[in-house]
Amino acid sequence: MTYTTTLLYDTDFAQWAEQTAQMLKDGRFSEVDLENLIEEVEDLSRRERDALYSNLKIILLHLLKWEFQPHKQTNSWRASIVEHRQRIKRQIKKSPSLKSYPEEILSECYTEARELASVETRLPFDTFPAECPYAIADILDAAFLPDSCVE
């Protein structure tokens, strides 16, 4: 590894990545900025998990809005639910080891979605159940939408 390679990481990440890939292809392993490469590889998993977390939280937010503000239901809410379910399905297909991750993070995602739902709907925070009212299988089910709880 050279000082120039490390400096490139800080000044032009795209070029650093291309250069690193070429070094690996060429078998020039001693020239690779190993410290930053390891950091980037470790970060790949975090990014996948962060994306899954974000997608699940958005689904939960829109399910809550759908259930607790039925008079304001829109196709954009439904489209968002569909889109983020598709993203999760695609992520799990690409990385099957993440299959159990949505269930692991459900409680934390729900807490954040509940807070956002209160802000976006202007309904009191306590309007929304303290615990997630949806099973993970339903949340990820393409056909599931909660029934309205408002009469």
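Here the structure is shown first, and the text comes after it.
Here's a quick rundown of the structure. Keep in mind that what you see is a predicted model, and the values were worked out from it rather than measured.

Calculation rules
- Residues numbered from 1 in each chain as written.
- Predicted model: local features only at pLDDT ≥ 70, side-chain atom pairs only at ≥ 80, totals over all residues.
- Heavy atoms only, no water.
- Phe/Tyr/Trp six-rings, centres within 6.5 Å; stacked < 30°, edge-to-face > 60°.
- Helix = DSSP H or I, 4+ residues; strand = E, 2+ residues; numbered from the N terminus.
- Buried < 20%, exposed > 50% of the residue type's maximum accessible area, 1.4 Å probe, protein only.
- Lys NZ or Arg CZ within 6 Å of the ring centre and 35° of its normal.
- Core = buried A, V, L, I, M, F, W, Y, C linked by side-chain atoms within 4.5 Å.
- Contact = heavy atoms within 4.5 Å.

A few words now on the packing of aromatic side chains. On inspection of all chains with the given rule, the structure shows five aromatic pairs. With a centroid separation of 5.0 Å and 70° between ring planes, the pair formed by Phe68 and Phe128 is classed as edge-to-face. In this pair, Phe68 sits in helix 3 (residues 34–68) while Phe128 sits in the loop between helix 5 (101–121) and helix 6 (136–140), placing the two residues 60 residues apart along the sequence. Here Phe68 and Phe128 have matching classes, each one buried. An aromatic cluster is built from Tyr9, Phe13 and Trp16, whose rings are joined through pairwise contacts. Looking at Arg49, its charged tip hangs above the ring of Tyr101, at a distance of 4.7 Å from the centre. The side chain of Arg114 reaches across the aromatic face of Phe125, ending 3.8 Å from its centre.

By size, the foremost hydrophobic cluster in this structure holds 25 residues, and its most contacted members are Leu56, Leu60 and Ile139. For this core, the secondary-structure elements that each account for two or more residues are helix 3, helix 4 (75–94), helix 5 and helix 6. The element that contributes the greatest number of residues to this core is helix 3, accounting for nine residues. The contact partners of Leu60, leaving out residues within four places of it in the chain, are Leu106, Cys109, Tyr110, Ala113, Cys132, Tyr134 and Ile139. Counting residues in each nonpolar core, the second largest holds six residues, with Leu8, Tyr9, Val32 and Leu37 among its members.

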